[in-house]
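Per-entry structural report
Given next are the chains, with one letter for each unit.
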There are 2 protein chains.
Amino acid sequence: MSNIIIAVDAMGGDNAPFEIVKGCVRASNENKNIKILLVGREKDVCQELDKYTYDKSKIEIINAEEVISTDEIPTSAIKNKKNSSMVVGLNLVKSGEASAFISAGNTGALLTGAVTIIKRIKGVERPALGTLMPMENGRSALLIDAGANVDAKPSFLVQFAKMGSIYMENVLGIKNPTVGLINIGAEKEKGNSLTKEAYELLEQADINFAGNIEARDLFLGKVDIMVCDAFVGNVILKFAEGFVKSIMRIIKTELLSGILSKIGALLSVGAFKKLKNHFDYSKVGGAPFIGLSGLVVKAHGNSAENDIVGAVNQCIKFIENDIVNKIQEKI
Amino acid sequence: MSNIIIAVDAMGGDNAPFEIVKGCVRASNENKNIKILLVGREKDVCQELDKYTYDKSKIEIINAEEVISTDEIPTSAIKNKKNSSMVVGLNLVKSGEASAFISAGNTGALLTGAVTIIKRIKGVERPALGTLMPMENGRSALLIDAGANVDAKPSFLVQFAKMGSIYMENVLGIKNPTVGLINIGAEKEKGNSLTKEAYELLEQADINFAGNIEARDLFLGKVDIMVCDAFVGNVILKFAEGFVKSIMRIIKTELLSGILSKIGALLSVGAFKKLKNHFDYSKVGGAPFIGLSGLVVKAHGNSAENDIVGAVNQCIKFIENDIVNKIQEKI
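This is a predicted model, so every value here is computed, not measured.

With that settled, consider the nonpolar core. Counting residues in hydrophobic clusters, the biggest one holds 120 residues, and the most contacted among them are Leu-90, Ile-182 and Met-226 of chain A together with Leu-90, Ile-182 and Met-226 of chain B. Residues contacting Met-226 of chain B, with those up to four places away along its chain left out, are Met-133, Met-135, Ala-141, Leu-142, Leu-143, Ile-144, Gly-180, Ile-182 and Leu-218 of chain B.

Put into structure tokens, the structure is as follows:
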């Protein structure tokens, strides 16, 4: 089998370049048939790489002098910083020199850059960001769209459902995965104008549609794909992230407020680690931007070694399962 | 001071009529200057009332033979069941025989009935459901709109912000309360078309606008009023409700999976009770439907005694502070 070539933004995210490089080295050492192109300031990346032992034929540095920071306006950043690690990395996918690009950098810039540089799969109205969310029952469900299209049309949601189904079937191996429409009631007639129209279309689509899923059930793992517009998707993801932190802080404060409960907390520390582990998104490996004629994966802004390894592994599955062509066939 | 007359739907919600009647009796016994009109099937309500000791001049039964169930379609239920406890109760507010109506019944029917029977305050485009959410720091913030207008215009959100400010200032006594717009980024230019336009209008409005609030910060108590459309508001409320339950179940499972952590759990039981108490919405007392020329309060579907007492107390504050007239002056 030929090598899978994955470009990685060495300069993107809070922990760049050290954690990014560290993750790439581990991913390279753990996977036989891949080659990683580390895109970024050669000097900085080289300095990090020199710390590790790795197969030098499997990691290459692609120099890119500029960096797009998280607070830059996406459109102008992509337009003006042609020699940024992000734009250079996206162009590697466009030209076919890489099959995927991973970045933990500016989300808006990555999405804008991906659409303008790599182009959509023919027939796809809008590519969407998919994020695997850990469920209470230990399974994972794909939230799509988690961040790309904040003003969506009903037809977009139907395509998200189709693309999400292909992803879950091929990357996660779930046969005939179920699709739920995130809504404010279980009944068909519930919702806003977007979800009401989308429901009608989803019923007719060639997917395993399971109807509406209420927000209170989002964490139960009732369906494999949860469809929504990116405004709602982003609110859900961010709210979950902040809420877990708040709850953990409240528990900690309460546990440390009494002597008995302090002892209790010490004895229960393993259980709380498991709870934290349950919400560990690093295993998930970033969010693929689905619907493009190449693969772009958004890693969390504070990605560390583990997240990058997870993202690389996700890319390998995505490419080995030929998701882009499968979407092209189905859309 | 003259009596405040509050009508209560004795037949609404999962625990009607027993918990509703029980709550009304306690609220009546705890508050001097109120009179409660219990609306529902006279025989059923009477049977419950007979269990308690109360001042008979302060609780009156208003007979209504029909009941609107939770699965009925709101518009037709309100139109066809003229003698339901809900329609009769709303008409008591319309006629001025009561100053407020509390119901734990069908939310959609209550909102539909409220708008068609009681009418809006002149100038109010759309009344909105406000819900007090407990924050991590122990404060409460008003989420508005929590359930009425799923397809909102930017101008609606501005009115929600104004009405919410009046509510928080007068009912909760917070001077110059801050308003945050729920959005997917902190910066002004972030969001969908609704929030981007609403931001511009909120900046110019006569409120203490604090800019966007990201979903990850919703629970921190950074602002007093959190404005959004009802689709987003409902998703947030329901998601929080389901998420807390999931987390508690995961903690329980993990704690009970080892001997040490089992002992730990026993020692920490007080801390977990406090955590649960932190999310106890019954203290909040239901969600007022703000912007009507009378007061309608939606109590949670599984309201018990405490919730009803809370809702009655909320009505008293709302009426004593003359919120309806204050909104009329400001809108």
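Moving on, we come to a nonpolar patch on the surface. All names here are of chain A. A cluster of nonpolar side chains, namely Ile-259, Leu-260 and Ile-263, defines an oily patch on the protein surface of about 320 Å² accessible area. Position of Leu-260 among the secondary structure elements: in helix H9 (residues 259-267). For Leu-260, a relative accessible area of 53% gives the class exposed.

This part covers the packing of aromatic side chains. Taken as a whole and judged by the stated rule, the model has 10 aromatic pairs over all chains. Taking 4.7 Å as the distance between ring centres and 90° as the angle between the ring planes, the aromatic pair formed by Phe-243 of chain A and Phe-219 of chain B counts as edge-to-face. Of the two residues, Phe-243 of chain A sits in helix H8 (residues 230-255) while Phe-219 of chain B sits in the loop between strand E8 (208-214) and strand E9 (225-227), which places them in two different chains. Ring centres 5.0 Å apart and planes at 20° place the aromatic pair Phe-239 of chain B and Phe-243 of chain B in the stacked group. In this pair, Phe-239 of chain B and Phe-243 of chain B are both assigned in helix H8 (residues 230-255), four residues apart and thus about one turn of the helix distant. On the basis of relative accessibility, which here comes to 1%, the residue Phe-243 of chain B falls in the buried class. Members of the aromatic cluster, joined through ring pairs, are Phe-219, Phe-239 and Phe-243 of chain A together with Phe-219, Phe-239 and Phe-243 of chain B. Lying across the ring of Tyr-54 of chain A, Lys-56 of chain A places its NZ or CZ 4.6 Å from the centre.

So, about the sheet that holds strand E2 (residues 34-40) of chain B. Residues and elements named next belong to chain B. Read across the sheet, 11 strands follow the order E3-E2-E1-E4-E11-E10-E5-E6-E9-E7-E8 without closing on themselves; strand pairing throughout is mixed. Each edge of the sheet is formed by a strand with only one pairing partner; in this case those strands are strand E3 (59-63) and E8. The sheet shows a mean angle of 25° between the axes of neighbouring strands, direction not considered. Note: strand E1 (residues 4-9) against strand E4 (residues 100-103), three bridges, orientation parallel.

What follows concerns the relation of the copies chain A and chain B. Superposition of the two copies of the chain requires a rotation about an axis and a shift along the axis. Structural alignment of chain A on chain B gives an RMSD of 0.0 Å, achieved by rotating through 180° and translating 0.0 Å along the axis. The superposition of one copy onto the other is thereby described by a two-fold rotation axis. No C-alpha of chain A approaches the rotation axis more nearly than that of Gly-264 of chain A, which lies at 1.8 Å. With an isologous cut-off of 70% or more, the 100% of interface residues of chain A that recur at the interface of chain B puts this contact in the isologous class.

For the rest of this paragraph, the subject is the interface of chain A and chain B. Counting residues at the interface gives 49 residues for chain A, matched by 49 residues for chain B. Of the roughly 4700 Å² buried where chain A meets chain B, counting both sides, 74% is carbon and sulfur surface. At the junction of chain A and chain B, the tally comes to six salt bridges. Between Glu-136 of chain B and Arg-249 of chain A there is a salt bridge, with the nearest N and O atoms lying 2.7 Å from each other. Counting the contacts that link chain A with chain B gives eight residue pairs in polar contact (both at pLDDT 80 or more). Contributing elements (two or more residues each) for the side of chain A that touches chain B: strand E7 (178-183), helix H7 (193-204), H8, H9 and helix H10 (269-278) of chain A. The class makeup of the residues in the side of chain A that touches chain B is 27 nonpolar, 13 polar and nine charged.

Before going further, it helps to spend a moment on the environment of Ser-57 of chain A. Residues and elements named next belong to chain A. With respect to the element layout, Ser-57 can be found in the loop between helix H2 (42-49) and strand E3 (59-63). For the pair Ser-57 and Ser-28, spaced 29 residues apart in sequence, the C-alpha to C-alpha distance is 10 Å. Polar side-chain contacts of Ser-57 include one of 2.7 Å to the side chain of Asp-55.

The rules behind each value
One numbering rule holds for all chains: residues counted from 1, following each sequence as written. To read the labels, note that chains go from A and ligands from 1, taken in the order they are written. It should be noted that, the model being predicted, local features are given only for residues of pLDDT at least 70 and side-chain atom pairs only at 80 or more, the latter also being counted only at that level, while totals for whole chains, interfaces and linings use all residues. Remark: hydrogens and water are excluded; side-chain values derive from all non-hydrogen atoms of the structure. Side-chain atoms within 4.5 Å link the members of a nonpolar core, which is a set of buried Ala, Val, Leu, Ile, Met, Phe, Trp, Tyr and Cys residues. For every residue, the accessible area obtained with a 1.4 Å probe (protein chains only) is divided by the maximum for its type, and the residue is called buried under 20%, exposed over 50%, and partly exposed between those limits. Any two residues whose heavy atoms approach within 4.5 Å are treated as being in contact. The residues that make up patches have over 30% relative accessible area and no salt bridge, and they are joined within 9 Å when like-charged or within 5 Å when they are Val, Leu, Ile, Met, Phe, Trp or Tyr. Only the protein chains shown count as cover for residues, and the accessible areas themselves come from Shrake-Rupley with a 1.4 Å probe. Between Lys or Arg on one side and Asp or Glu on the other, a salt bridge is scored when a side-chain nitrogen of the former is within 4 Å of a carboxyl oxygen of the latter. We count a stretch as a helix when DSSP gives it H or I for four or more residues in a row; a strand needs E for two or more, and each element gets its number in order from the N terminus. Stacked, tilted and edge-to-face are the three classes applied to pairs of Phe, Tyr and Trp rings, where Trp contributes its six-membered ring and a pair requires centres within 6.5 Å; stacked means planes under 30 degrees apart, edge-to-face means over 60, and tilted covers the rest. Any Lys NZ or Arg CZ that is within 6 Å of a ring centre and within 35 degrees of that ring's normal is treated as a charge sitting over the ring. Pairing between strands is defined by DSSP: at least two bridges between them are needed. Fitted lines through C-alpha atoms give the axes, limited to the stretch in contact for helices. The angle between two N-to-C directions lies from 0 to 180 degrees. Least-squares superposition of the copies uses the C-alpha atoms of those residues scoring a pLDDT of at least 70 in each of them. Here the quantity called buried area is the accessible surface, traced with a 1.4 Å probe, that two parts lose on coming together, added over both. Definition of a polar contact: a pair of N or O atoms within 3.5 Å, with one able to donate and the other able to accept a hydrogen when the atoms are protein atoms, and with sequence-neighbouring residues admitted only if both atoms are side-chain atoms. For this classification, Asp, Glu, Lys and Arg are treated as charged, while Ala, Val, Leu, Ile, Met, Phe, Trp, Tyr, Cys and Pro are nonpolar and the rest, including Gly, are polar.

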